[in-house]
Amino acid sequence: MPAVPSCIIEPIWDQFQMLIPAVADEHPLGCHRPRIPDRVVFDKLVQVLVPGAAYERISDTTCSATTIRRRRDEWIEAGAFKELEQFCLEGYEKMVGLQLENLAVDGCITKAPCGGEAAGRSPVDRGKQGTKRSLLVEGAGIPLGTVVAPANRHDSPLLRPTLETLSRFGFDRPERITVHLDADYDSKGTRGLLAELGCEARIAVKGVPAPIQNTSRWVVERTNSWHNRGFQKLAVCTEKRIRVIEAFIALANAIIITRRLLREAWNTHRWATRPTRRPWPNGGTSYSSSTARRRWSSPYTDTTRLCRMLAMARRR
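Residues numbered from 1 in each chain as written. Predicted model: local features only at pLDDT ≥ 70, side-chain atom pairs only at ≥ 80, totals over all residues. Heavy atoms only, no water.

Where an unreviewed UniProt entry is consulted, the protein chain appears under the name Transposase, with the organism given as Kocuria varians.

Right under this line is the structure:
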């Protein structure tokens, strides 16, 4: 079973292969080993990202773990992953439109058992090694930029570099931008920073409980859930270098944006490889009515199964 549905990964690969730099054959006799196809290595990297497989576990006769790492570093050096993420954002902006008037920022702490440049003592995991991702999303939850830092860094100092990732859009930004933040950012420094950048602040007040459903911050929590539940490599980060972590985040964002683009365009556009069913927000495909009826009539009454059935009914 593929790690990502073909309707999502094929358009991503079509664009990514255009970003891969050409390799010059410098062997004097031209009799070296045949080069492993880039598509094979790309599929291996997707397997590393989504199920979190180790390089040695997915290496086989078609591609070794050393080749995967070497080709990954070559593509990072060429900036292919960042350009892929930017291309997906521009495509979403043209077809659907980014809601840049409302932004949300929040941090997410994940495990980093192998340590590395972005590892620190996690305040929520008994002091074990952890990594923090400061995520910026637009009004619909599309990821716009991410800053990687150790888990013991506070959210407030990461706000400026996170908001500066908006520079990727050049001058195509609205004049009025509202930033929605949780109570961790409730400080004079944060308000001064937003005033300096010309942004309005919607910050939760410390000590005052506010249901996240009643605010505009729930979209960033949902995107963090997409990162952690859909990409095991991001939930348990075993990479030690920040540039590699950022490359995997860029690839994950490209998958999320393409997935959302397919879901939004399913009702308004037609194309040759259009899925027969509208994709779910989490990347799957929706069930038909007959499948739903069979699930409802199942005698299996496990609590987890019942919760899933109720969630499916709400989404329909």
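Moving on, there is more to tell.
## Considering the nonpolar core
One finds Phe16, Phe42, Trp75, Phe81 and Leu144 to be the most contacted residues of the largest nonpolar core, which totals 68 residues. Each of domain 1 (1-21 + 36-97 + 240-270) and domain 2 (99-238) gives at least three residues to this core. With 5 residues, the next largest nonpolar core counts Ala104, Leu135, Val137 and Val219 among its residues. (Core = buried A, V, L, I, M, F, W, Y, C linked by side-chain atoms within 4.5 Å. Buried < 20%, exposed > 50% of the residue type's maximum accessible area, 1.4 Å probe, protein only. Domains from an automatic or database assignment.)

## Regarding unusual backbone geometry
Notably, Arg126 is not glycine yet its phi reads approximately 55°, a positive angle. Note that Arg126 resides in the loop between strand E2 (120-121) and strand E3 (129-137). Note on Arg126: relative accessible area 71%, which makes it exposed. (Helix = DSSP H or I, 4+ residues; strand = E, 2+ residues; numbered from the N terminus.)

## Overview of the packing of aromatic side chains
What the rule picks out here adds up to 5 aromatic pairs. Between Phe16 and Phe42, the aromatic rings sit 5.1 Å apart at their centres with planes inclined by 35°, giving tilted as the arrangement. Here Phe16, found in helix H1 (residues 6-19), pairs with Phe42, found in helix H2 (residues 38-49); they are 26 residues apart in sequence, far enough to count as distant. You can call Phe16 buried: its relative accessible area is 0%. Here Phe16 and Trp75 contribute two aromatic rings whose centre-to-centre distance is 5.2 Å and whose plane-to-plane angle is 80°, an arrangement assigned as edge-to-face. In this pair, Phe16 is assigned in helix H1 and Trp75 in helix H4 (residues 65-77), connecting sequence segments 59 residues apart. An aromatic cluster of at least three residues, connected via ring pairs, comprises Trp13, Phe16, Phe42, Trp75 and Phe81. Its guanidinium or amino end placed over the ring of Phe248, Lys233 lies 5.9 Å from that ring's centre, counting from NZ or CZ. Cation over ring: Arg259 sits above Trp226, and NZ or CZ is 5.5 Å from the ring centre. (Phe/Tyr/Trp six-rings, centres within 6.5 Å; stacked < 30°, edge-to-face > 60°. Lys NZ or Arg CZ within 6 Å of the ring centre and 35° of its normal.)

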